[in-house]
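# Observations on the three-dimensional arrangement
Listed here are the chains, written in short residue letters.
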Amino acid sequence: MIEHTDKVFARPIVGWLSAIVLIFALGPAESRAQQTFADVPPQYWAYQYIESLAASGITGGCGGGNYCPGNNVSRAQMAVFLERGMRGSRFVPPPATGVLFGDVGATDFAAAYIEQLAEDGVTGGCGGGNYCPNSNVTRAQMAVSLLRAKYGSFYDPPPATGVFLDVPVGSFADKWIEQLALEGITGGCGGGNYCPNEAVARDQMAVFLVRAFSLPIVLPSFSLIWDQGNWDEAEWQ
């Protein structure tokens with residue numbers, strides 16, 4: 001099996017009084033994020049999630065001080081993201097054997113994480129004894145992998161009811177996608193759709209991981225953001 005989101009807008013919680021209380025509850029400014037990656041400025045729609053992922057030690061970016069937020073996530077990269085999300089940033093899997101998948105050698109990038117992901121029952125590969133490490137992860141595939149990583153290999157979500165227009169009941173990963181939405185991990189890609197066949201970008205991956213594993217949210221230093229539930233067609237999650 002082979003496996004933007006939207007902008008987060010601040011909105012009143014219970015009026016101005018609640019906002020003032022929130023300001024005092026946040027604590028000193030030192031607890032808020034500074035810009036970690038050159039290509040993810042504070043105005044970027046997924047800034048708080050990418051900063052949260054970095055603060056949790058799950059990512060160090062894509063090199064050169066950047067995060068490459070618009071790049072697609074490969075299946076090899078997904079293995080690293082999920083295992084660190086599940087087990088923490090300090091987790092180091094056992095050395096790879098190189099015999100589990102025909103296309104993942106023992107010294108290949110993320111080989112140990114890929115084999116650990118299979119050992120955990122999160123993935124069975126992409127068919128034919130392979131893992132397809134360089135293939136992009138689709139949003140449908142990510143729904144399955146993310147929930148298995150969160151709840152375990154035996155988890156089975158309730159039947160789908162047809163929440164998204166482009167995910168009819170009976171389609172691949174329908175119940176996994178709907179469970180992801182039910183838990184507030186995704187709101188779709190806009191217009192009542194989920195875009196299941198679109199590739200997951202690195203900015204979207206940050207949102208998925210932070211929400212799925214309840215990672216600590218790092219607030220921007222320039223504003224308050226308390227709503228994670230708004231979606232915009234142009235930028236998905």
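Definitions and limits used
Once a new chain begins, its residue numbering starts again from 1 and follows that chain's sequence as written. Restriction of local features to residues with pLDDT of at least 70 applies here, the model being predicted, together with a cutoff of 80 or more for giving and counting side-chain atom pairs; totals for whole chains, interfaces and linings are based on all residues. By convention in this description, side-chain values take in all heavy atoms of the structure and omit both hydrogens and water. Working definition of a nonpolar core: buried Ala, Val, Leu, Ile, Met, Phe, Trp, Tyr and Cys residues. They are joined through side-chain atoms within 4.5 Å. Each residue gets one of three labels from its accessible area relative to the maximum for its type: buried under 20%, exposed over 50%, partly exposed in between, using a 1.4 Å probe on protein chains only. A run of H or I in DSSP becomes a helix once it reaches four residues, and a run of E becomes a strand once it reaches two; helices and strands are each numbered from the N terminus. Here, two residues are considered to be in contact whenever any of their heavy atoms come within 4.5 Å of each other. The rule for a disulfide is simple: a pair of cysteine sulfur atoms within 2.5 Å. The pLDDT value tells you how sure the predictor is about a given residue, anywhere from 0 up to 100. Stacked, tilted and edge-to-face are the three classes assigned to paired rings of Phe, Tyr and Trp, where Trp is represented by its six-membered ring and a pair needs centres within 6.5 Å; plane angles under 30 degrees give stacked, over 60 edge-to-face, the rest tilted. By the criterion adopted, a ring carries a charge over it if an Arg CZ or a Lys NZ lies within 6 Å of its centre and within 35 degrees of its normal.

## A few points about the nonpolar core
Side chains of nonpolar character tend, in soluble globular proteins, to be buried together. Ranked by internal contacts, the top residues of the largest apolar core, which has 56 residues, are Leu 53, Leu 82 and Leu 146. Going through the elements one at a time, helix 2 (47-55), helix 3 (75-87), helix 4 (111-119), helix 5 (139-151), helix 6 (174-182) and helix 7 (202-212) are the ones with two or more residues in this core. Setting aside its immediate chain neighbours within four residues, Leu 146 contacts Leu 82, Leu 180, Ile 185, Phe 208, Leu 209, Ala 212 and Phe 213.

## Describing the state of the cysteines
According to the stated counting rule, one finds three disulfides in the structure shown. Through a disulfide, Cys 189 is tied to Cys 195; the S-S separation comes to 2.0 Å. Torsion about the S-S bond of the Cys 189 and Cys 195 cystine: about 75°, corresponding to right-handed handedness. Across this residue pair, the class does not change: Cys 189 and Cys 195 are buried. Going through the protein chain in sequence order and numbering each bonded cysteine, the pairs you get are 1-2, 3-4, 5-6.

## Section: the confidence of the model for the protein chain
The share of residues in the protein chain with pLDDT of 70 or more is 78%, and the mean pLDDT across the chain is 85. Contacts of residues 223-235 to residues separated by more than four positions or lying in other chains number 51 contacts, the stretch itself having pLDDT below 50.

## A word on the packing of aromatic side chains
In the structure shown here, the tally under the stated rule is six aromatic pairs. Here the aromatic rings of Tyr 44 and Trp 45 are separated by 6.1 Å at their centres, their planes lie at 35°, and the arrangement is tilted. The structure contains a cluster of three or more aromatic residues connected by ring pairs, namely Tyr 151, Tyr 155 and Trp 176. Here the guanidinium or amino end of Arg 75 rests over the ring plane of Tyr 131, the centre of that ring lying 4.3 Å away.

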